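# Working through the structure, step by step
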Amino acid sequence: MDTMRISAGAEKIPVKCNSLSSLVTRRWRTKTFPARIRTWRLLSVKSISTNPKTLVTDSEQVASSIKHHSEFTPLFSPEKFELPKAFFATAQSVRDALIVNWNATYEYYNRVNPKQAYYLSMEFLQGRALSNAVGNLGLTGAYGDALKSLGFELESVAGQEPDPALGNGGLGRLASCFLDSLATLNYPAWGYGLRYKYGLFKQIITKDGQEEAAEDWLELSNPWEIVRNDVSYPVKFYGKVVFGSDGKKRWIGGEDVVAVAYDVPIPGYKTKTTINLRLWSTKAPSGDFDLSSYNSGKHTEAAEALFNAEKICYVLYPGDESDEGKALRLKQQYTLCSASLQDIVARFETRSGGSVNWEEFPEKVAVQMNDTHPTLCIPELMRILMDLKGLSWEDAWRITQRTVAYTNHTVLPEALEKWSLELMEKLLPRHVEIIEKIDEELVSTIVSEYGTENPDLLKEKLKAMRILENVELPSAFADVIVKPESKPAIAEKTVDQTKDSKEDAQTVVKKEVEEEETAGVIAEVIPEPPKMVRMANLAVVGGHAVNGVAEIHSEIVKTDVFNDFVKLWPDKFQNKTNGVTPRRWIRFCNPYLSDIITNWIGTEDWVLNTEKLAELRKFADDEDLQSEWRAAKKKNKLKVVSLIKERTGYTVNPDAMFDIQIKRIHEYKRQLLNILGIVYRYKKMKEMSASERKKAFVPRVCIFGGKAFATYVQAKRIVKFITDVGSTINHDPEIGDLLKVIFVPDYNVSVAELLIPASELSQHISTAGMEASGTSNMKFSMNGCILIGTLDGANVEIREEVGEENFFLFGAKADEIVDLRKERAEGKFVPDPSFEEVKQFVRSGVFGSNKYDELIGSLEGNEGFGRADYFLVGKDFPSYVECQEKVDKAYRDQKRWTRMSILNTAGSSKFSSDRTIHEYAKDIWNIKQVELP
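If you check an unreviewed UniProt entry, the protein appears there as Alpha-1,4 glucan phosphorylase from Brassica napus. Per UniProt, the comment on the protein under Subcellular location (unreviewed entry) is "Plastid, Chloroplast". Quoted verbatim from the Catalytic activity (unreviewed entry) field of the UniProt record, the comment on the protein reads "[(1->4)-alpha-D-glucosyl](n) + phosphate = [(1->4)-alpha-D-glucosyl](n-1) + alpha-D-glucose 1-phosphate".

As C-alpha cells, then:
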C-alpha cells in the first residue's frame, strides 16, 4: 500500500492511498459529485503530491492542482463546481506557484541582507490579480488550457474576482504599478498599507445621482492573502508621557490596539522574484471584551473596545467633517506608520544577527512616503530609536533623515495635510513632543540662515516654513521677533452720565453702535487661528529627498509650494516622472494590440524594455499595420459595447468615436468642462437639420467614469449633471447614434482595463498647473489613444514624446493662471458668447426641472466661496470647443488618425514605471538589483 504526501504549507501529511482512493470512488459511484466533476478522472497521486518547491507548468498538472483545491481547500459546498468556486480553486492553485517563489525570494534576501526599500502608501489600487499573476508567471496558456479541460474559459473565471477595495485614484494605482516594477526588476522591496474591509465605497448611480454603499470585496474572502498570525504589533493612542527609572521617556496608558499582518504576493514578470505587500488589519486583544457587561445585557458597551479597534481599517478616507472622523483618519495614518516601522526595525534587527549597529540602519533600509499620509513615520521612527532602542536625539535624528524620503503628489493647498495640534496632543502626545523639538531646530536653522536684521523677512520665512502653524515661537527664540503692542479690537465705549440729555445711557450706546454699523465698522472679536501641524513641511524637513512626479509639477514644487525650503536645501529636491507598468496596462489588458506590436517589432522584449516601442514609428504609414491596428481597436470597442449595455442598459454604436474621461471626480480635473462641451455640441446639433448635423459632426460615444468623494458636494453635483445630460441625449431620437453620453458606475481598475484599450480620444483637461502628473494619460497613450488636454502634469512630456501634431492642445498655461484669476477678481474677465450660450441652455430646463444653480453659479461672479470660476472653465471653454472641432476633422481621415494612434504607442516608451523605479532606486533609495539564483 503506497503513501502519498499532501502538501500543507511546509508540512507534509502522509495519507493512505487506498483509503483516500476508496473514499473518492465511493462518492463517484454514488454520484455525490455533480456531472461536471464526474467527468474528471480520479485524483491522481501526481495531482496531490506536487512538490511544494516545484512550479507547476503544464496544463495537465495545472488542472490537477485546480481540482485538488476545489476539494481540499474548500470555500464552497461540494455539490457544485460553478464559476465562483472555479475562480477560488484556480486562484489558490496560482497562489501555490507564487508561494514557491515568494518564500525563495525572502529566504535569499534574509541570507544576503541587501538594502531594502519600503513603500508606505494609504492606497494600493491593485486591480484583479489572477490574469496578472498567471501572465507574470508565463502560465496564461497552461491555465487557459487547464480550465478549458474543466469546462471553463480563463477570462470568465478571472472575471469572478472582485477588485480589491484598497485605493481610489492615481495615488494607489501608481503604488501598485511600482510594486509590479520592483518585482520585475529584481529590486528588494516591500509595500505597506492598510486592509480596508469596506474600501472607499461602491458607487451606485440613481436618478438622484451618486449614492454610496460599502464595498463587499472581502465577503467571500480573498484567496491571495495570507494572514500572519505570528506577525502583529501593538499600536497605542492617547495616554501620557512619563520618565522611566532609566531617565528615558515612556508613553503609557491610553488605548491599545493590535495590528495584524496580511501578506499579498507580488510576482515579477518572467523572474522568480516575488515581493510582498503587507497590509495591516486592526483588532483589540480578547481581554478587552467586557464579558461582565455583556452578561448583564450591556452588549454594545461590552464590545466597544473591539469595535473601536476594528473600525480603524473599515473604510478608506472616512468622512472627516466631524471631530470623530478626523480622529479616525489620524488613527489610520499612525497605524500604518507605527506597525510598518516596528516591522521594519524588527527585520533589521533579525538580519543583523547578534550585533545591531544602528548607524547601519540607513544603509539597509529606505522608507518612501507616498504623499503626506505616512509622514508620522518621522516622529514614530524617532520615538522607536530613542524611547525603545536608547539612542540619543542627535543619533536618532541623523538616522531618520537618512532613511526617509517623501513624494509630493499635489500643489492644491487643501491636499497638503494639516492636523489640529490639539487633536494630535490628545491622540499622540509623545509624537507632539518630538515634532515640537523638530520644529524648534527648524526655527534655529531659519534664524541662522536669515538673521534678525530684517524682522519682517524673518517673520515671513518662519510663517511659511515652520511645522507648527499659529503656534508661539519656542521659548529660546521668544525675543527674536519684537511684537508690536497689542491694541484692543474695539475701543471701550463710555457714557457721560452727567451730561444734560434726554437720552439715557442705554440709548446712547445703541445709537453709537448703529453709527458704527452704518460706517462699516463690525463689532466682533476675531477668533484665534487654529494651531495646526503641517505634515508636508514635516515631510520635507525630516526626509533626505523630496520629489515631484512630473517635470512641470516638480518645477512648481520648487518655485512655489516649497520654494523657501529649496533655498535652504536645494539638493533635496528632484523630479521622478510617474510611470505605469506595461504588463498590466498593455500586455495583459490589450492582447490584440500586444500581438500586433510583437509581430511588427519582431520580439516581445518591449514588455520589459519599452524603448523598443519606438520601432513602430517606421511602420506608422504602413497600410497593413494600420489595417491590423484598426481591427484590434474595433475588437476592444465591441467589449466596451457589452460592458455599457450590462452596466447602464444603453446600446452604443461601435463605429462611433469612443471619447473617454475616467478619473476621480474633482473640480480641477474639469469633468464639468467636458460635459458643458458636450451640451454645446448637442445644442448645435439640435439647431441643424439631420443632413447638416451628419455632415458637421463625427458620431461620438462620450464615456465618463469616476467616484466623487462622499462629502464633496460639488463633485456629486457634476456626476448628477452628467447623468441628466446623458438621459436626455440618449433618448433623443433626432440625435440617435450621432451622440451618446455614458456614465459607467463604480469605476475601478477592471473597468479601466476594458475602456482604455477601446479608447480613441481621451480627455486630460485639468486646469494647468493643478494636476501633479496623472498616470491614466500614460495608459491611454500607450494603448494608441490620442489625448486632448492642457499643458499640465505629464501631458507636457507625453506631447513632447509623441509629437505635437499627435496631441490636441488647448487652454491657458500654468504660468498664466495667477494673472487670470487676478483679472477675474478685478472684474475684467469677459466670457466668450459661446460660454454664456451654453449656460443659458442648461438653465432652460432641457435636462429636466433642475436649473443647476449651484453648479452653474460656481462659474459666475468675481469672488466668494464656490464662485468666480476658480478652475477657469469659462476661460478655456472657447479654446476647448475649437480644439474639439479639430478632433472631428482629424477623425474623419482614418488613415491620419491611425497614424497618430500608432505614434502615440511608439512615443510612450518613456512612461513605463520600470524607468521610474530605476531612477528611485539610483537617486533616492540607493538599492541594487538582487536576482535570485
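## Looking at the overall build of the protein
When you go through the protein residue by residue, the secondary structure sums to 38 helices and 24 strands. Per-residue burial for the protein yields a buried fraction of 56% across its 933 residues. The contacts in the protein between residues at least 6 apart in sequence include a share of 76% that link residues at least 24 apart. Carbon together with sulfur atoms contributes 50% to the accessible area of the protein, which is approximately 40,000 Å² in total.

## With respect to the packing of aromatic side chains
Aromatic ring pairs are defined here through the distance separating the ring centres and the angle between the ring planes. Under the counting rule described, the total for this entry stands at 38 aromatic pairs. An angle of 70° between the planes, with centres 5.9 Å apart, marks the rings of phenylalanine 237 and tyrosine 334 as edge-to-face. Here phenylalanine 237 is found in strand β7 (residues 226-237), whereas its partner tyrosine 334 is found in helix α13 (residues 323-352), with 97 residues between them in sequence. Given the relative accessible area of 1%, tyrosine 334 is considered buried. For the pair tyrosine 870 and phenylalanine 871, a centre-to-centre distance of 5.1 Å together with 85° between the ring planes defines the contact as edge-to-face. Assessed through its relative accessible area of 43%, tyrosine 870 is described here as partly exposed. Look at phenylalanine 871 and you get buried, because its relative accessible area is 13%. Here the aromatic residues Tyr106, Tyr109, Tyr118, Trp190, Tyr192, Tyr233 and Trp280 are joined through ring pairs into a cluster of three or more. Over the ring of tryptophan 190 we find arginine 347, and its NZ or CZ is 3.7 Å from the ring centre.

## Details of the sheet that holds strand β14 (residues 418-420)
Each strand in a sheet pairs with another by means of backbone hydrogen bonds, the pair being arranged parallel or else antiparallel. Spatially, β14-β16-β15 is the arrangement adopted by the three strands of the open sheet, whose pairing is antiparallel. Strand pairing shows two members of the sheet lacking a second neighbour, β14 and β15 (468-469), which therefore form its edges. In terms of strand pairing, β14 meets strand β16 (residues 532-534) through three bridges, oriented antiparallel. Pairing of tryptophan 419 across the sheet is with valine 533, part of β16. Helix α21 (residues 535-542) rests against β14 and β16 of the sheet, and its axis sits at about 45° to β16.

## Describing the side chain of aspartate 876
One can find aspartate 876 in helix α36 (residues 873-892). Here the side chain of aspartate 876 touches arginine 670 through a polar contact of 2.8 Å, side chain to side chain. Discounting residues that sit within four places of it in the chain, aspartate 876 has contacts with Arg670, Thr790, Phe810, Gly811 and Ala812.

## Some details on unusual backbone geometry
One non-glycine residue, tyrosine 852, lies in positive phi territory at about 55°. Relative accessible area serves as the criterion here: at 4%, tyrosine 852 is assigned to the buried category.

The rules behind each value
- Residues numbered from 1 in each chain as written.
- Predicted model: local features only at pLDDT ≥ 70, side-chain atom pairs only at ≥ 80, totals over all residues.
- Heavy atoms only, no water.
- UniProt positions renumbered as here; feature names shortened; annotations may be inferred.
- Helix = DSSP H or I, 4+ residues; strand = E, 2+ residues; numbered from the N terminus.
- Buried < 20%, exposed > 50% of the residue type's maximum accessible area, 1.4 Å probe, protein only.
- Contact = heavy atoms within 4.5 Å.
- Areas by Shrake-Rupley, 256 points an atom, 1.4 Å probe, with all protein chains shown as cover.
- Phe/Tyr/Trp six-rings, centres within 6.5 Å; stacked < 30°, edge-to-face > 60°.
- Lys NZ or Arg CZ within 6 Å of the ring centre and 35° of its normal.
- Pairing = 2+ DSSP bridges.
- Axes fitted to C-alpha atoms, helices over the stretch in contact; angles between N-to-C directions.
- Polar contact = N/O pair within 3.5 Å; in protein donor to acceptor, adjacent residues only side chain to side chain.

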